[in-house]
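# Structural characterization, general
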Amino acid sequence: MPDPATRDATYEDLLQVEDHLVAELIHGQLVTTPRPAPRHARASSLLGVELGGPYDKGHGGPGGWWIFDEPEVHLGSHVLVPELAGWRRERMPGLPETAWFELAPDWVCEVLSESTARVDRVEKLPVYAAHGVGHVWLVDPVLRTLEAYANHEGHWLLLNAFENDDPVSVAPFDAVTIPLGGLWAD
């Protein structure tokens, strides 16, 4: 039973967190993690570049998506900041006027690190599933892997796992092939 003297963290608590940390609200708790390390940031940035051309801009691909780096996503009482998230433009024809998104993304990518992997897998994945996020990719730049999941009735179904230099063509971005090896720092 929770201590009656404790209170859920608020958005105001989140706003007080120092800029060098990523702050999220998960199940009423303020969760902070360090800003991404270079290997982590590189994998995230390059994946955004790979998807942005064909899916956000429609260059060499189908277009029809908004792809964002580190968007603030409000899902009920949760405030999450995935490394990347995408919304189909048919579901979100225009961008919100707020500094955050209240519509659940269609796709989320979390880049795992030693300090974030447990929170990403154990805390955030169930929230994404419960709020209708359709697909999640988990990228590990140390292990050089990408795991692709689809939401099936509120549970994550592994579609495929890729490693090293594998070509990646998997939902929801299966219209083009992404060279996985291009995401790694070495």
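Note that the coordinates shown come from a computational prediction; the quantities given were computed from them, not determined experimentally.

### Quick word on the packing of aromatic side chains
Two numbers describe a pair of aromatic rings. These are the distance of the centres and the angle of the planes. Per the counting criterion, the structure on display carries nine aromatic pairs. On the basis of an interplanar angle of 65° and a centroid distance of 5.9 Å, the ring pair of Tyr11 and Trp100 is categorised as edge-to-face. Highlighted residues: Tyr11 in helix H1 (residues 11-15) and Trp100 in the loop between strand E6 (84-88) and strand E7 (107-111), separated in sequence by 89 residues. Of the residues examined, Tyr11 reaches a relative accessible area of 25% and is grouped as partly exposed. Residue Trp100 is classed as partly exposed on the basis of its relative accessible area of 23%. The interplanar angle of 75° and the centroid separation of 6.0 Å between the aromatic rings of Phe68 and Trp87 together place this pair among those described as edge-to-face. Of this pair, Phe68 sits in strand E3 (residues 65-69) while Trp87 sits in strand E6, and the two are 19 residues apart along the sequence. The exposure class assigned to Trp87 is buried, which follows from its relative accessible area of 0%. An aromatic cluster of at least three residues, connected via ring pairs, comprises Tyr55, Trp65, Trp107, Trp137 and Phe173.

### Digging into helix H3 (residues 117-130)
The terminal C-alpha atoms of H3, which comprises 14 residues, lie 19 Å apart, in line with the 20 Å expected from a rise of 1.5 Å per residue. Where H3 bends most, at Lys124, the angle is about 40°, and the proline Pro126 comes one to four residues later. Turning to H3, its buried residues are Val119, Asp120, Lys124, Leu125, Val127, Tyr128 and Ala129. Positive phi appears at Gly132, one or two residues downstream of H3, with a value of about 85°.

### Quick notes on the nonpolar core
The biggest cluster of nonpolar side chains holds 23 residues, and the ones touching the most others in it are Leu47, Leu51, Trp107, Cys109, Trp137, Val139 and Phe173. Broken down by secondary-structure element, the contributors of at least two residues to this core are helix H2 (38-57), E3, E7, strand E8 (135-140), strand E9 (145-152), strand E11 (167-170) and strand E12 (173-179). Top element by residues in this core is H2. It accounts for four residues. Beyond its immediate sequence surroundings of up to four residues, Phe173 is in contact with Leu51, Tyr55, Trp65, Ile67, Trp107 and Trp137. With 21 residues, the next largest nonpolar core counts Val31, Val73, Trp87 and Val108 among its residues.

### Structural notes on the environment of Ala185
With respect to the helices and strands, the residue Ala185 is situated in the segment after E12. Separated by 145 residues in the primary sequence, Ala185 and His40 have C-alpha atoms spaced 8.8 Å apart. When residues no more than four places from it in sequence are discounted, the contact partners of Ala185 are Arg39 and Arg42.

### So, the pattern of salt bridges
Enumeration according to the criterion identifies twelve salt bridges in this entry. Between Asp186 and Arg39 there is a salt bridge, with its nearest N and O atoms 3.7 Å apart. Of the two residues, Asp186 sits in the segment after E12 while Arg39 sits in helix H2, which places them 147 residues apart along the sequence. Of the residues examined, Asp186 reaches a relative accessible area of 64% and is grouped as exposed. The partly exposed category is assigned to Arg39, whose relative accessible area is 36%.

### Focus on the pairing of E12
For E11 and E12, the ladder comprises three bridges, and the chain directions are antiparallel. Along E12, the bridge assignment pairs Val170 with Phe173. Linking two consecutive strands that pair antiparallel, namely E11 and E12, is a turn of two residues.

Scoring rules and cut-offs
- Residues numbered from 1 in each chain as written.
- Predicted model: local features only at pLDDT ≥ 70, side-chain atom pairs only at ≥ 80, totals over all residues.
- Heavy atoms only, no water.
- Phe/Tyr/Trp six-rings, centres within 6.5 Å; stacked < 30°, edge-to-face > 60°.
- Helix = DSSP H or I, 4+ residues; strand = E, 2+ residues; numbered from the N terminus.
- Buried < 20%, exposed > 50% of the residue type's maximum accessible area, 1.4 Å probe, protein only.
- Expected span 1.5 Å × (residues − 1).
- Bend = angle between axes of the 7 residues up to and from the residue.
- Core = buried A, V, L, I, M, F, W, Y, C linked by side-chain atoms within 4.5 Å.
- Contact = heavy atoms within 4.5 Å.
- Salt bridge = Lys/Arg side-chain N within 4 Å of Asp/Glu carboxyl O.
- Pairing = 2+ DSSP bridges.

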